[in-house]
Each structure stands twice: as structure tokens, then as C-alpha cells.
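# Geometric and topological summary
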Amino acid sequence: MALDEEPTSTATYWPSLAASQAAGTFWRCRCGEMNPGDYDTCHFCQHPQPDLQPSVRAGTVFTPTEDDMEGEYAGVLVASMGEDGDAIALTDAKNRALEALDGYFREVCGQPNLLDDATRPLSDAYFFLDSGYGVFTRRADGGWHLAPAAEDAEGAVPVTWFRHPSGPVPVPYARQGDPQLF
Ligand SMILES: [Zn+2]
């Protein structure tokens, strides 16, 4: 349904949009206007509705795709987390996460390697990787929030977190050569 096809649509557009907004089924066109969920083209610019995906609603649990992440490296989806050099890889296999994150930091960030230090062995990065599961929920702005979760939590996906190595290898690991205390 579009403005030029239906002379009375202006009368139906607003009530339809209001109902769609209440139901969470509206969609936003690339021109910026919102449209009722049953409009297959934009009321204002007649651009077709993008792929008929479930509407984005804040709090919705979802499984990320390439569109949600920054890219795929070594077959693993990767995204940065904030400005501190932290990142995630969507796998619970640390060796795969390390390879993917290393590719990401070299290709996107221009670093010599994942550790941003060509003199350090890449195996040091294992100490900054934390594998587990997380649940992705949609934010109102279309972005997402990731929370650590149990493996059997609804919607949980395997994730490896990378905490930017701003210092030496953490003490519990660096002291591996110390006498055994227990
Ligand atoms: Zn439009």
C-alpha cells in the first residue's frame, strides 16, 4: 500500500501506524519514516519494506549474524567492545577465537598482532581470553547488549571475551614457575 495507490490511505495510515506501534510491528524505512507492519512499501517514498524480519524490539534475545558483528575472520564472527581494545569472538574454542581476533586486530586496527606487540608470543593472548556463553539482547537503537550466561540459558551462544592486554600476563599465570602451594 502506498500513497499514490490508495487515495484514502492518509486517513488509514495514522491509525494503522498507531496500532502497529502499540503492537511493535511497525517498520522504519530508510527515508526515516515509520510504516505500519502490513505496508509492503513506504507510505512516504514507496521504497519496499526491507526483508520482512521480526521487528527490532528492545530486550529481544537473538543470535547475532554478520550484520550485527564487525566481520568474520577465520570463519568466526568478531566485534569490538567499547574503546578499550576489548573484543569478542563467537566461538567457545580459544584457539579459533585467538586466530579470528588476531585477524581482526591486524586487518581492522592495523596492529602487528592481537597483543599489539610484535615481540610477544601470540600464545600470551590465551591468558586474556575467557570462553563461555552469553546472551545477546537487542537495544532500542538496534544495537545489542551481551551478558555472560549459563550454557543452558535460553538463547545462549558460545562467546570468547578478549580483555585488552594492558599489562603483563596476569599474576596467577605468570607465577606458574613458583613452588606449588597445594
Ligand atoms: Zn520511505
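This text gives an overview of the structure that appears in the document. (Residues numbered from 1 in each chain as written. Predicted model: local features only at pLDDT ≥ 70, side-chain atom pairs only at ≥ 80, totals over all residues.)

## Here we look at the overall build of the protein
Secondary structure summary: the protein contains three helices and nine strands in total. Taken from the N to the C terminus, the helices and strands of the protein come in the order α-β-β-β-β-β-β-α-β-β-β-α. The long-range fraction of contacts in the protein, counting pairs at least 24 apart against all pairs at least 6 apart in sequence, stands at 46%. (Helix = DSSP H or I, 4+ residues; strand = E, 2+ residues; numbered from the N terminus. Contact = placed C-beta atoms within 7 Å.)

## Looking at the environment of tyrosine 13
Structurally, tyrosine 13 is set in helix α1 (residues 9-23). Residue classification places tyrosine 13 among the partly exposed residues on the basis of 19 C-beta atoms within 10 Å. C-alpha of tyrosine 13 to C-alpha of asparagine 35: the two residues are 22 residues apart in sequence and 7.9 Å apart in space. (Buried ≥ 20, exposed ≤ 12 C-beta atoms within 10 Å, placed from the backbone.)

## As for the environment of alanine 149
Relative to the helices and strands, alanine 149 is located in strand β8 (residues 144-149). Note on alanine 149: 18 C-beta atoms within 10 Å, which makes it partly exposed. Sequence-wise, alanine 149 and tyrosine 133 are 16 residues apart; in three dimensions their C-alpha atoms are separated by 5.4 Å. Contacts of alanine 149, omitting those with residues within four sequence positions, involve Tyr133, Gly134, Val135 and Ala156.

## Brief notes about helix α2 (residues 94-107)
Compared with an ideal rise of 1.5 Å per residue, which puts 14 residues at 20 Å, α2 spans 20 Å between its outermost C-alpha atoms and is within 8% of the ideal. Next to the buried residues of α2 lie β4 (71-73), β5 (76-81), β6 (86-89), β7 (129-138) and β9 (157-162). (Expected span 1.5 Å × (residues − 1).)

## Side note on the nonpolar core
Among the nonpolar cores identified, the biggest contains 21 residues, and Val76, Val78, Ala89, Ala100, Leu101 and Tyr104 are the most heavily contacted of them. Listed by contribution, the elements that provide at least two residues to this core are β5, β6, α2 and β9. With six residues, α2 is the largest single contributor of residues to this core. Aside from chain neighbours lying at most four places away, what touches valine 76 is Ala89, Leu90, Thr91, Arg96, Ala97 and Ala100. (Core = buried A, V, L, I, M, F, W, Y, C linked by C-beta atoms within 7 Å.)

## Things to note about the pairing of β9
Bridge count for β6 against β9 is three bridges, and the pairing is antiparallel. Along β9, the bridge assignment pairs isoleucine 88 with tryptophan 161. (Pairing = 2+ DSSP bridges.)

## Some points on the environment of threonine 12
Structurally, threonine 12 is set in helix α1. Threonine 12 gets classed as partly exposed once you count the C-beta atoms within 10 Å, which come to 14. Taking the C-alpha atoms as reference points, threonine 12 and proline 36, separated by 24 residues in sequence, lie 10.0 Å from one another.

## Some words on unusual backbone geometry
Even without glycine at this site, glutamine 46 takes up a positive phi of about 65°. Mapped onto the elements, glutamine 46 comes out in the loop between β2 (34-35) and β3 (61-62). What makes glutamine 46 partly exposed here is the crowd of 14 C-beta atoms within 10 Å. At aspartate 116, a residue that is not glycine, the phi angle is positive and equals roughly 55°.

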